[in-house]
Amino acid sequence: MGRRMARRLLAPLAAALLGAFSVAHADSALFTPPAPGTYELPPIQHVADYELLDPHGARVRLLGLAPGQVALVSFVYQRCTDGSACPAALATWKRVDEALAARPALARHVRLVTVSFDPANDTPERMAELARHLRPRGDWRFLTAPNEAELRPVLADYGQDVLPLVGAGGERLGLLQHLTKAFLVDEHGDVRGIYGSGFLSAQILLNDAQTVLAAESAARPRTAASR
Amino acid sequence: MWERLVLFALLFFCLAPPTLADEPCQSPYLPKVTGQEDFVYVFTLGVEGMGDGSDKLVTVGANPSRPDYGKVVSSVSVGGRHEVHHGGFTDDRRELWMGGLDDSAIFVFDVATDPAKPKLVKTITTFTKDSGGVVGPHTFYALPGRMLISGLSNAKDDGGKTALVEYSNQGKFVRTIWMPEAAPYGYDVRVSANLNRMVTSSFTGRANYMRKLPELMGDAEAMKRFGNTMVVWDYHARKPLQTFAVPGAPLEIRWALAPQHYYAFSSSALTSKLWGVFRKDDGTFEALEIAPIGDPLKGPLPVDISLSTDDHFLFVDSFMDGTARVFDVSQPRAPVLVLEQKIGSQLNMVSQSWDGKRLYFTSSLLSNWDKTGADDEQFLKAFNWDGKTLAPAFAIDFKAAKLGRPHQMNFGSVDFYRGRVAARPSPASPEDVPRVAEGG
């Protein structure tokens, strides 16, 4: 691997590590997140389950959830230079992955998904490289699309905006204007939480996942009885 | 290795493109216009016999480098009069929602395709039915993928009992959260994501706000039916935590923006007081009356406030005397009045640019509360602020232009929708990353 390529690959990871570092070194707690199950997360929108490419180039479902599972989905791109955006999302997903590794009973029900919205640059090979650097300990998918055309309906469905940044002369700068969003999706494809990357919290994500899992579990017997 | 990674990341941060942040009071989840705004979007009430008589979204040029500076660029009528009042952008800033207080219609404009000419793309007519009886959608506050809307009233009795309502960005109803029994009135809603706290204020129901003002003020019983409370909520759980007695209809809420400034301001319309809601060391809040606004005995009726991004200046508009007052709130518990300036015969909304250099004022409060005769001026006036004086920049007479009664304003930017600026939410430093107690 060339030195230039290595730098391109390591840049977002370094940024992600910085993001994780800043969060981990917060000096005081400003609030305690509400406990799981003490609040409601009604469906916000429904999303379809799209086919994308895994790091081997094989087609897989973005969600592919079994009953009793939820997915935490974040959209990123590896060239992102905004520390509060994609690197922060990757750092937070890493923290959630670490937390789930310590709680295997919960980890069986939670799938982490990182989807690139820059398929031209974030090829399956580059997503594989990202996965190797982040060393997932649990069920964490790294996905990309074959091309922009196949990605477009995914972004539209989730409401993830992406626009190429251009210079004064209209030339593309190689960066993307975006709000990095993350989503909590239940087994039915209903989005139960949407998060802005500037305010991501691993603890809130875990609590929300548990809240939805508990609500779905409670609803399941009633659904069966009503049939 | 660690040092090399960190150094590399820092270099990348330094090479990051310039970003737009925010106009002061917008949702922390919304990308902001920090540079020169190109347009001011003005929600305007229709007046019978004036132009087409319909409520509309009026776009005014605000960039001195553009040929449309100080002129009406476009106008979109929504058809009919709905008492349009407030609204807000979706979190991607691509759509602007506008609510009608009378019939609870919600109008959704696409401002991304052509920011100079917003297009009405959707009308939600089922707000009251969807929400289980909420009337009068007031504040539209962007959350990720959703719009949080505070109601003013209810369909059962047109009184002040009301709720918060959420819709997805696609316009699908999500949920209704009724105000607590001890504080049933609603008005504004603002979130501090870093604190996981949300604050609401309280006004009055449709039976009052759609009534002629002189008639209403002569009805002692009706005048008792105004809100006297503010509520602090657990934002993530959407559950009320504390209710404060704030007499006289506390209206707009503005959170301080600077790191470690854990407080918000409001003003009470009927008692003409500035209030502060301060976080205490134990994490709970207290609401304190911190200053009079003009002479409360003369009833100036403060209506809108705007806080500069450095939390230094608070602009306060009062309707009756048509005056803007500027308070130095660098000591937030002891505001100091530094300027009083009459803007017009009546005055309502104030919006300032992110850099605090430009202020925009409009005249209309509510269709049945505006003054009459010669005092019924209807304008948008732009001023430049240098920290000491408000200097006129341009003005548009909305009556002469046959547009109607201008009320709330939002800013538009061409570059944002052309990929010429990066989008990011408010937090700009690790200070702004939410700090939460981990565990569980």
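None of the values given here were measured: they were computed from a predicted structure. (Residues numbered from 1 in each chain as written. Chains lettered and ligands numbered in written order. Predicted model: local features only at pLDDT ≥ 70, side-chain atom pairs only at ≥ 80, totals over all residues.)

A. Expanded view of the overall build of chain B. Assigned secondary structure in chain B consists of five helices and 30 strands. Radius of gyration (C-alpha) of chain B: 21 Å, near the 22 Å computed for a compact globule of 440 residues. Along the three orthogonal principal directions, the C-alpha set of chain B runs to about 75 × 50 × 45 Å. Here chain B holds 440 residues, and 56% of them are scored as buried. When contacts within chain B are restricted to residue pairs at least 6 apart in sequence, those whose partners lie at least 24 apart make up 53%. (Helix = DSSP H or I, 4+ residues; strand = E, 2+ residues; numbered from the N terminus. Rg over C-alpha atoms; globule rule 2.2 N^0.38 Å. Buried ≥ 20, exposed ≤ 12 C-beta atoms within 10 Å, placed from the backbone. Contact = placed C-beta atoms within 7 Å.)

B. Highlighting the overall build of chain A. Per the secondary structure count, chain A includes six helices and 10 strands. Among the 227 residues that make up chain A, the fraction classed as buried is 49%. By sequence separation, contacts in chain A at least 24 residues apart represent 73% of the contacts at least 6 residues apart.

C. Molecular detail of the sheet that holds strand E5 (residues 95-100) of chain B. Residue and element names in this part refer to chain B. Pairing is antiparallel across the open sheet formed by four strands, whose spatial order is E4-E5-E6-E7. Pairing within the sheet leaves two strands with one partner each, and these edge strands are strand E4 (84-89) and strand E7 (119-124). Averaged over neighbouring strand pairs, the angle between their axes works out to 25° when direction is ignored. (Pairing = 2+ DSSP bridges. Axes fitted to C-alpha atoms, helices over the stretch in contact; angles between N-to-C directions.)

D. Region of interest: helix H5 (residues 148-158) of chain A. All names here are of chain A. Taken together, the buried positions of H5 are occupied by Leu151, Val154 and Tyr158. One face of H5 carries all of its buried residues, which in axial projection span an arc of 60°. Across from the buried face of H5, at angles greater than 90 degrees, the exposed residues are Ala149, Pro153 and Ala156. Against strand E9 (181-185) lie the buried residues of H5. Trailing H5 by a residue or two, Gly159 shows a phi angle of about 80°, which is positive. (Arc of directions from axis to C-beta.)

E. Inspection of the environment of B:Lys388 at higher detail. With respect to the helices, strands and loops of the structure, B:Lys388 is situated in the loop between strand E28 (379-385) and strand E29 (390-397). Sequence separation between B:Lys388 and B:Lys280 is 108 residues; the distance between their C-alpha atoms is 32 Å.

F. Here's a closer look at the pairing of strand E4 (residues 70-76) of chain A. Residues and elements named next belong to chain A. The buried fraction of E4 is high, at seven of seven residues. Residues Val70, Leu72, Ser74 and Val76 point to one face of E4 and Ala71, Val73 and Phe75 to the other, with burial holding for every one of them. By the bridge criterion, seven bridges tie E4 to strand E5 (residues 110-116) in an arrangement that is parallel. The residue bridging Ala71 from the neighbouring strand is Arg111, located in E5.

G. Looking closely at the sheet that holds strand E1 (residues 45-46) of chain A. An order of E1-E10-E9-E4-E5-E6 (chain A) is seen for the six strands of this open sheet, with the pairing classed as mixed. A strand with exactly one partner marks an edge of an open sheet, and here the two such strands are E1 and strand E6 (140-143) of chain A.

H. A look at unusual backbone geometry. Residues and elements named next belong to chain B. Located in the positive-phi region is Arg93, a residue other than glycine, with phi close to 65°. Here Arg93 lies in the loop between E4 and E5. Backbone geometry places Leu301, a non-glycine residue, at a positive phi of 60°.

I. Broad picture of helix H4 (residues 124-134) of chain A. Residues of H4(A) that are buried: A:Pro124, A:Arg126, A:Met127, A:Glu129 and A:Leu130. Trailing H4(A) by a residue or two, A:Arg135 shows a phi angle of about 50°, which is positive.

J. Local environment of the environment of A:Pro164. Inspection of the secondary structure assignment puts A:Pro164 in strand E7 (residues 162-166). Judged by the 13 C-beta atoms lying within 10 Å of it, A:Pro164 is partly exposed. Separated by 11 residues in the primary sequence, A:Pro164 and A:Leu175 place their C-alpha atoms 6.2 Å from one another. With near-sequence residues (within four places) excluded, A:Pro164 lies in contact with A:Arg172, A:Leu176 and B:Gly419.

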